[in-house]
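An overview of the molecular structure
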Amino acid sequence: MARRSAGSVELPVHRLSAAGFRALARGEGGRAVVVELLAAERSRRMLLLRALYDGLSGGGLSGNGVSGNGTSGGGPRPPAGAAAVSYREAWALLERAQRTAPDVFEDILMSPHTGMWLSLALRQLRGASFEDAPLWAVAGHLSALAASAGARAGLDFSLAVPVRRGVAFLPTVGCAELTVAEPWSTAQVVFREGQLRIIGEQGAVVVGPGREDGAPGWRAVRRLSLGAEGPQKCLSLEEFDPYRTFPQPSEPLLLSETDARAWQAMLTDAWELLLRDEPESAEAMRVGLMSVTPTPARERFRPHSVTAGDAFGGVMASRPDDATQLAATLVHEFQHIKLGSLMRLRPLNLTGPGLGPHPGPGLAEELFYAPWRDDPRPLGGLLQGIYAFAGVTRFWCSHRQSADAAQAGLAHFEFALWRTQVSSTVDLVRTHERLTPLGRQVLDALRERCAEWSDESVPAAELRLAQEVAADHRARWRAHHLRPPAAAVEEAVRAWRRRDDRPPPGLAGEPVLVPDAGARFLDTAAVLARHRLSGAGGDGREVERAEGAEDADVLLARGELAGARDAFAALLSRTGAPFGAWAGLGRALAGDEALKDASWLLRSHPERACAVQGALRKATGQGADPVRLAAWLARDRVRDGAWGAE
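To start, this report covers the structure provided alongside it. Remember, predicted model here, so these are calculated numbers, not experimental data. (Residues numbered from 1 in each chain as written. Predicted model: local features only at pLDDT ≥ 70, side-chain atom pairs only at ≥ 80, totals over all residues. Heavy atoms only, no water.)

1. Section: the overall build of the protein
From N to C terminus, the protein includes 22 helices and 14 strands. Of the contacts made within the protein by residues no fewer than 6 positions apart, 69% connect residues no fewer than 24 positions apart. Of the accessible surface of the protein, which amounts to about 27100 Å², a share of 51% is contributed by carbon and sulfur atoms. (Helix = DSSP H or I, 4+ residues; strand = E, 2+ residues; numbered from the N terminus. Contact = heavy atoms within 4.5 Å. Areas by Shrake-Rupley, 256 points an atom, 1.4 Å probe, with all protein chains shown as cover.)

2. A few points about unusual backbone geometry
Geometrically, the link from Phe246 to Pro247 is a cis peptide bond, its omega value of 0° lying close to zero. Here Pro247 lies in the loop between strand E9 (233-237) and helix H8 (257-277). The backbone phi angle of Glu193 is positive, close to 50°, even though this residue is not glycine. Tracing the chain through its elements places Glu193 in the loop between strand E4 (184-192) and strand E5 (195-200).

3. Quick word on the packing of aromatic side chains
Summed over the entire model, instances satisfying the criterion amount to nine aromatic pairs. Aromatic side chains Tyr53 and Trp91 sit 4.2 Å apart centroid to centroid with 25° between the ring planes, which places their arrangement in the stacked category. A residue pair is termed long-range when its members are at least 10 positions apart, and Tyr53 in helix H2 (residues 31-58) and Trp91 in helix H3 (residues 87-100) qualify at 38 residues. For Tyr53, a relative accessible area of 8% puts it in the buried group. Seen in terms of ring centroids, Trp372 and Phe389 are 4.9 Å apart; in terms of plane orientation they differ by 15°. Their pairing is stacked. Here Trp372, found in the loop between helix H10 (323-345) and helix H11 (379-399), pairs with Phe389, found in helix H11; they are 17 residues apart in sequence, far enough to count as distant. Here Trp372 falls in the buried class, since its relative accessible area comes to 16%. Here Phe389 falls in the buried class, since its relative accessible area comes to 12%. Ring pairing ties together the aromatic residues Tyr53, Tyr87 and Trp91, which thus form one cluster. (Phe/Tyr/Trp six-rings, centres within 6.5 Å; stacked < 30°, edge-to-face > 60°. Buried < 20%, exposed > 50% of the residue type's maximum accessible area, 1.4 Å probe, protein only.)

4. A look at the sheet that holds strand E12 (residues 314-318)
The sheet built from five strands is open, its strands ordered E8-E9-E10-E12-E11 with mixed pairing. Looking at strand neighbours, the two that pair on one side only are strand E8 (222-226) and strand E11 (305-306), the edges of this open sheet. By the bridge criterion, five bridges tie strand E10 (residues 291-295) to E12 in an arrangement that is parallel. When the bridges of E12 are listed, Val292 appears paired with Val315. Sitting on the sheet, H8 is in contact with E8, E9, E10 and E12, with an inclination near 30° to E8. (Pairing = 2+ DSSP bridges. Axes fitted to C-alpha atoms, helices over the stretch in contact; angles between N-to-C directions.)

5. Thoughts on the pairing of E8
Along a regular strand, successive side chains alternate from one face of the sheet to the other. Burial of E8 is one-sided: the residues Arg222, Leu224 and Leu226 facing one way are buried, the residues Arg223 and Ser225 facing the other way are not. Taken together, the five bridges between E8 and E9 define a ladder with antiparallel strand orientation. Along E9, the bridge assignment pairs Arg223 with Ser236. Between E8 and E9, which follow one another and run antiparallel, lie six residues, and Gly227 among them has a positive phi close to 115°.

6. Description of the environment of Val493
On the secondary structure map, Val493 appears in helix H15 (residues 486-498). For the pair Val493 and Val612, spaced 119 residues apart in sequence, the C-alpha separation works out to 6.4 Å. The residues touching Val493, leaving out its near neighbours within four places in the chain, are Val612, Ala615, Leu616 and Ala619.

7. Considering the pairing of strand E2 (residues 167-170)
Burial along E2 is two-sided: the residues Val167 and Phe169 and Ala168 and Leu170 are all buried. Where E2 meets strand E3 (residues 174-177), four bridges bridge the pair, whose relative direction is antiparallel. The partner of Val167 across the bridge, within E3, is Glu177. Connecting E2 to the antiparallel partner E3 that follows it, the hairpin turn spans three residues, and Thr172 within it adopts a positive phi of roughly 70°.

8. Here's the deal with helix H7 (residues 141-153)
Compared with an ideal rise of 1.5 Å per residue, which puts 13 residues at 18 Å, H7 spans 18 Å between its outermost C-alpha atoms and is within 8% of the ideal. For H7, the full list of buried residues reads His141, Leu142, Ser143, Ala144, Leu145, Ala146, Ala147, Ser148, Ala149, Gly150, Ala151 and Ala153. One or two positions beyond H7, positive phi appears at Gly154, with a value near 75°. (Expected span 1.5 Å × (residues − 1).)

9. Observations regarding helix H1 (residues 18-25)
What H1 keeps buried is the set Gly20, Phe21, Ala23, Leu24 and Ala25. Just downstream of H1, Gly27 is the residue with a positive phi angle, here 80°.

10. As for the pattern of salt bridges
One pass over the structure, following the stated rule, counts 44 salt bridges. Among the ionic pairs, Asp472 bridges to Arg476, the shortest N-O distance being 2.5 Å. Highlighted residues: Asp472 and Arg476, both in helix H14 (residues 460-481), separated by four residues, approximately one helical turn. No difference in accessibility class separates Asp472 from Arg476, as the two residues are buried. The salt bridge partner of Arg498 is Glu491, with a shortest N-O separation of 3.1 Å. For Arg498, a relative accessible area of 47% puts it in the partly exposed group. A network of salt bridges, in which partner residues are shared, links Glu41, Arg44, Arg45, Arg123, Asp310 and Arg344. (Salt bridge = Lys/Arg side-chain N within 4 Å of Asp/Glu carboxyl O.)

11. Looking at the packing of helix H21 (residues 606-620) against helix H22 (residues 626-633)
Interaxial distance between H21 and H22 falls to 10 Å at its minimum, and their mutual angle equals 120°. Judged by the angle between their axes, H21 and H22 are oblique. The two elements H21 and H22 cross, and the hand of that crossing is right-handed. Here Arg608, Ala609, Val612 and Gln613 of H21 lie close against H22, whose contacting residues are Pro626, Leu629 and Leu633. In terms of residue class, the contact of H21 with H22 is built from five nonpolar, one polar and one charged. (Parallel < 35°, antiparallel > 145°, perpendicular 65-115°, else oblique. Left-handed = near helix turned anticlockwise from the far one by under 90°. Nonpolar A, V, L, I, M, F, W, Y, C, P; charged D, E, K, R; others polar.)

12. Side note on the side chain of Glu278
Counting through the fold element by element, Glu278 comes out in the loop between H8 and helix H9 (279-288). In this structure Glu278 comes out as buried when scored by relative accessible area, which is 6%. A distance of 2.6 Å separates polar atoms of two side chains, one belonging to Glu278 and the other to Ser281. Not counting chain neighbours up to four residues away, the residues in contact with Glu278 comprise Leu273, Val331, Arg394 and Phe395. (Polar contact = N/O pair within 3.5 Å; in protein donor to acceptor, adjacent residues only side chain to side chain.)

Given below as structure tokens:
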């Protein structure tokens, strides 16, 4: 934190070791390579911190408090107490803490939420706001960091910090709940002789030595120690820090004691599972995974988790179904963390107007099919998904060998599903002209890894189900997002009404990608398969509660093809039928030899039936019989390019 200008010192240039890059390129990498990535991230944080300080010194905010109205876009004047927030005093206290207790300073600097705050604060300083907080309060978070560092270092100090809706938060330490009249105010933080006092408008919260967890009005950050034997993994369960959530800050979301114990138990079990099945990943996470931010539980088999490139080491995750799901989630998100850090050193794909097929101003970005998403994805996002699910595939490849008998079928299914999805997506873009040489190296290494996984045996039933589910997702995606040539659709309507023997050949032309913002639950088949394999829905009742699943989908998941066919046909005969139902009908027809071509058409090109049925309704007020229409459309069975492969 020395005040020398960057030009007066020789700044380090961060490069990965050859061994580290080889490991990362394969989607792997243990403790050593994560230490390399962390060193680069530390330098970045220090530069951002200095840039923020220089920006605050150069204008927008005065040396003490704010100048002008203190917001990025106009609004009410800040409270009088805001003038007491001094980033210069905060900077000086941070320097003292760095000299006195460098480990404390490093812990606060490298907190995921510090990285998120630095990024958002700099953007707001430059005019882009990501929250409703005034600029003085966002910039004043520097004082909260300094107060945390000073208190943890045992330094005597007095410093004003922002109060957000009655909460004064000290990063990595805890938060004080204060009675306030305004949403944005300040409190004075005083540390003397081991006692921490947070003094607000109408009282103070006092935290004495040994009372960190029990002082009235005070909530300490939950710090967990995972691991029954050997060195323990330290992790914070973050509930308070406004910058713990991505992409926007949020208010505290406090866990009940019951929920906190449940998270502790699942994180403990997930950590033991990773030590057993993913030891290299566990050692990487030992130094690189720093916090988990809990969010409420989602539907079973549909957890939600997210990381941010600016928040190295932080994971936000919904409460998992079980420890195995949590372990897979941590692997998935840590893959994002590793790749995001690698891409800060060197990009994997080119961005910017005028580069190859990249659009110019006002043009849409090229989008791709992502087997793990409902929506089409740009190349950069697709690379992130490939890398994350390569880690998921690796996890299930290992875990299926140690899973208990009741869960082994599900583990085999997950491995078979994700190796298929990752491999096909790598092949889709590995020669794309917008990849950098580094990007090609990474995808070539992942392709080799996929080839190794393809040699792994999977029980026939789980393998067949995984292949069917993968094809179902792709078909539903096509039904939602692809449109056959409009002129060919209109000609097909005329041909149908004339009772021509076959559809016009133009209908097999290259479809146009038109993103459907309403596409949801394209993973329905996978969720129902997981219910069945886990034994959760043996009688079908629990399976029916899967959101987005029609009765026909449930029948199909049970293997009742005749009933599913009738249910899908009835559904598609009605106005407003879900597009994905065409893919389901195709699967239901698969056992009928007389309708094998219709089944192929709906499983490979459901967008044709979807478009023609919609145009028929528009032209005549009613649609065709779905099975008859599919059989007619399949009379010219054309496999056209990569999209037409069975």
